[in-house]
Amino acid sequence: MEIGLSSDIPTYSGGLGVLAGDAVRSSADLRIPLVAVTLVSRKGYLRQKITGDGVQQELPDEWNPAQYMRLLPRTVTVRIEGRDVHIRAWFHDHESPVGGLVPVILLDTDMEENAPDDRQITSYLYGSDSAYRLRQEIVLGIGGVKMLKALNFRVERYHMNEGHSSLLTLELMRMNGYDADTAGDMCVFTTHTPVAAAMDTFSYDDVEKALDFPIDTLKKYGGEDRLNLTLLALNMSKYHNGVAKAHQEYSQKLFHGYHIREITNGVHPFTWTSPEFQRLFDRYMHGWANEPELLVRVGKIPNEEIWDAHVKAKAALIDDVHESTGVTLDPEVLTIGFARRATGYKRATLIFSDLDRLKEINRKWPIQLLFSGKAHPHDEGGKQLIKDIYAFRDRLKGEIEVVYLENYSMDLAGKLTSGVDVWLNTPLPPMEASGTSGMKAAFNGVMNFSVLDGWWVEGCVEGVTGWAIGPGPDEPVTEERRRAQELRDLYNKLEYVILPLYYSMEDEWTHRMKNAIGLIAYYFNSHVMMRRYASEAYL
Ligand SMILES: *Cc1c(COP(=O)(O)O)cnc(C)c1O
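Residues numbered from 1 in each chain as written. Predicted model: local features only at pLDDT ≥ 70, side-chain atom pairs only at ≥ 80, totals over all residues. Heavy atoms only, no water.

Visitor: Help me understand the sheet that holds strand E5 (residues 83-95) in this model?
Guide: Adjacent strands of a sheet pair through backbone hydrogen bonds, lying either parallel or antiparallel. Read across the sheet, four strands follow the order E1-E6-E5-E4 without closing on themselves; strand pairing throughout is mixed. A strand with exactly one partner marks an edge of an open sheet, and here the two such strands are strand E1 (36-39) and strand E4 (70-80). On average, each strand axis in the sheet is inclined to that of its neighbour by 30°, with strand direction left out of account. As judged from the four bridges shared by E1 and strand E6 (residues 101-108), these two strands associate in the parallel manner. The residue bridging Ala36 from the neighbouring strand is Val104, located in E6. With respect to the sheet, helix H1 (residues 15-30) is in contact with E1, E5 and E6, its orientation differing from that of E6 by roughly 145°. Seen against the sheet, helix H3 (residues 130-150) touches E1, E4, E5 and E6 and runs at an angle of roughly 125° to E4. (Pairing = 2+ DSSP bridges. Helix = DSSP H or I, 4+ residues; strand = E, 2+ residues; numbered from the N terminus. Axes fitted to C-alpha atoms, helices over the stretch in contact; angles between N-to-C directions. Contact = heavy atoms within 4.5 Å.)

Okay, structure coming up:
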């Protein structure tokens, strides 16, 4: 449904889209024969403005596909609500610097032949109501398969990256005489949701109105009471996986009777490494970008050069912050970054739980905090979080510098995950299926300080690769104890472990930065991920 190609092409809202983009980038580098299909989302996700008191304003983020890609001459039609909806396709070549190429097809219904409402189907990413979402998913799934066929792609495997695209299985059934086994043999499904409430479902009343497909067959594979796209994808694919080991375990409990495997997400090495570290890695571990396993040799790099690269990345971030907000951050002060979609389970304000304690810590060892992230227009809780951060900023004024950067994007993510000293993540387990921004931090020697959820359960070696907040997912403690331990860890580790290490033992800190590179980045990347998909899921 979404893809993060670059900051100028606003067809993504968060980690799911950036992951799709990284999958494309790694596949091109590795010459994995893959074509990606998504919606053109002409009005983008949203351009975020924030007023002085923290109120998010959402402006359209319109972009012009013709500026970045070419229109293909082929069109296809799908039946929606009894009408033929025409679909055309934009074609974007992602070319790897090492020679591979992956095409990306962006489906577009904004054609004169279509009724005015239908022209808007591919306008807004995750826009509006459930009926609109269903129309989008018909275009993506059914239209996507038809378009690939019209363009003469010979597809052997269809990989559904989350359930949004799972209506594609209906078109595959139709093409194969309604033989579900044949269709399912071609499909691979990756689930990204850890809880049932987060899955896309539609009432059969709406489905019958919108979709031209035998309803009994649909109910057999997509659920009796409501059409559940996750269930449809599970039933209609021969391989299913979660996106981290812990997420595999949650998913296995959620989906009894299905064999859920695990392929941990990753980030694209070159894209998420700052220019300073790119140059350093090129010098000491030539070929690292296409063989990130080489990063295990990070020990060859002298500490001073690691520190120097970090200081430069931090200075570049501080310059950008000054330019966009007028705030002057102190390059000497330990800087904590927190940036991701602004939504409840990410708990962006957890660090402000005890302001007196935070101030006390800051008097001993100064800190400064950088935030960024957009809330979905319908997510009132997410918008409230932004307001709350602004209020905390005001209450801490004169003591702790807190900055909120508007309009989070891939560019901003790259700058933040390379320019801060500590990358904080405090999701409410088990909601963070994987998370990937902490992996970006690791490529830049930025230390993770996070709740043990998603990928961090695998990535964290306490005190070696970073630090954990709260108990692990398997520890048998009550939710209440868990919350209490999270806060204890957050403040105690900051005060007694992280800050003293940063301020008084530069060599020890740099040593841990190397651990982040050599023990996290070498493995948690999308090259490893795509090689695993190729050998474990596609073949
Ligand atoms: C990497 C990335 C994310 C994912 O961040 P998480 O902390 O893993 O949720 C979200 N948005 C953008 C723009 C990113 O680049």
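Visitor: I keep staring at the pattern of salt bridges and nothing clicks. Help me out?
Guide: When their charged atoms lie close together, side chains carrying opposite charge are able to pair. For the coordinates displayed, the defined rule picks out 35 salt bridges. Bridged by salt links that share partners, the residues Arg42, Arg88, Asp108, Asp110 and Arg119 form one connected network. (Salt bridge = Lys/Arg side-chain N within 4 Å of Asp/Glu carboxyl O.)

Visitor: Looking at this structure, I do not really get the nonpolar core. What am I missing?
Guide: Across soluble globular proteins, nonpolar side chains have a tendency to be buried as a group. Counting 86 residues, the largest nonpolar core has Ile351, Phe352, Leu416 and Trp509 as the members making the most contacts within it. When neighbours within four sequence positions are excluded, Leu416 is seen to be in contact with Leu317, Ala339, Leu370, Ser372, Leu405, Tyr408 and Trp423. Of all hydrophobic cores here, the second largest spans 57 residues; its members include Phe91, Ile142, Leu211 and Ile215. (Core = buried A, V, L, I, M, F, W, Y, C linked by side-chain atoms within 4.5 Å. Buried < 20%, exposed > 50% of the residue type's maximum accessible area, 1.4 Å probe, protein only.)

Visitor: Quick question: what am I supposed to make of the sheet that holds strand E7 (residues 158-161) here?
Guide: On the basis of which strands lie adjacent, the open sheet formed by four strands has the order E7-E8-E11-E12 and parallel pairing. Strand pairing shows two members of the sheet lacking a second neighbour, E7 and strand E12 (260-262), which therefore form its edges. Going from strand to strand, the sheet's axes swing by 30° on average, the running direction of each strand aside. Pairing of strand E11 (residues 239-242) with E12 involves three bridges; the strand directions are parallel. The residue of E12 that forms the bridge with Gly242 is Glu262.

Visitor: Please explain unusual backbone geometry as it appears in this structure.
Guide: Trans is the common state for peptide bonds, and a negative phi is the common state for residues other than glycine. Between Pro429 and Pro430 the backbone carries a cis peptide bond, its omega angle lying at 0°. With respect to the helices and strands, the residue Pro430 is situated in the loop between strand E16 (422-425) and helix H15 (437-443). Positive phi outside glycine occurs at Arg347, with the angle close to 50°. For Arg347, the position within the fold is in the loop between strand E13 (334-339) and helix H12 (355-364).

Visitor: Teacher, can you tell me more about the site of the ligand here?
Guide: Residues in close proximity to the ligand total 15 residues, the closest being Arg340, Lys346, Thr436, Ser437 and Lys440. Side-chain polar atom of Arg340 to an oxygen atom of the ligand: 2.8 Å apart, as the coordinates give it. For the ligand, an oxygen atom lies 2.7 Å from a polar atom in the side chain of Lys346. Within the complex, the protein chains bury 96% of what would otherwise be the 390 Å² of accessible surface of the ligand. Mapped by element, the contributors of at least two residues to the shell around the ligand are H1, helix H14 (410-419) and H15. Here the shell around the ligand is composed, by residue class, of six nonpolar, six polar and three charged. Structurally, the shell around the ligand is a two-domain feature, drawing no fewer than three residues from each of domain 1 (1-128) and domain 3 (282-523). (Near = heavy atom within 4 Å. Polar contact = N/O pair within 3.5 Å; in protein donor to acceptor, adjacent residues only side chain to side chain. Areas by Shrake-Rupley, 256 points an atom, 1.4 Å probe, with all protein chains shown as cover. Nonpolar A, V, L, I, M, F, W, Y, C, P; charged D, E, K, R; others polar. Domains from an automatic or database assignment.)

Visitor: Whenever I open this one, the packing of aromatic side chains confuses me. Can you help?
Guide: With the rule as written, the count across this model stands at 20 aromatic pairs. Between Trp365 and Tyr503 the ring centres are 5.9 Å apart and the planes differ by 15°, which places this aromatic pair in the stacked class. With Trp365 in the loop between H12 and strand E14 (367-372) and Tyr503 in helix H17 (residues 479-504), this pair connects stretches of sequence that are 138 residues apart. Tyr503 gets classed as partly exposed once you look at its relative accessible area, which sits at 29%. With centroids separated by 5.8 Å and ring planes inclined at 40°, the aromatic side chains of Tyr390 and Tyr404 adopt a geometry described as tilted. Highlighted residues: Tyr390 in helix H13 (residues 380-395) and Tyr404 in strand E15 (residues 401-405), separated in sequence by 14 residues. Residue Tyr390 is classed as buried on the basis of its relative accessible area, which comes to 7%. The exposure class of Tyr404 is buried, given its relative accessible area of 8%. Aromatic ring contacts, followed pair by pair, group Trp307, Trp365, Trp467, Tyr502, Tyr503 and Trp509 into a single cluster. The ring of Phe338 carries Arg340 above its face, with NZ or CZ at 4.5 Å from the centroid. (Phe/Tyr/Trp six-rings, centres within 6.5 Å; stacked < 30°, edge-to-face > 60°. Lys NZ or Arg CZ within 6 Å of the ring centre and 35° of its normal.)

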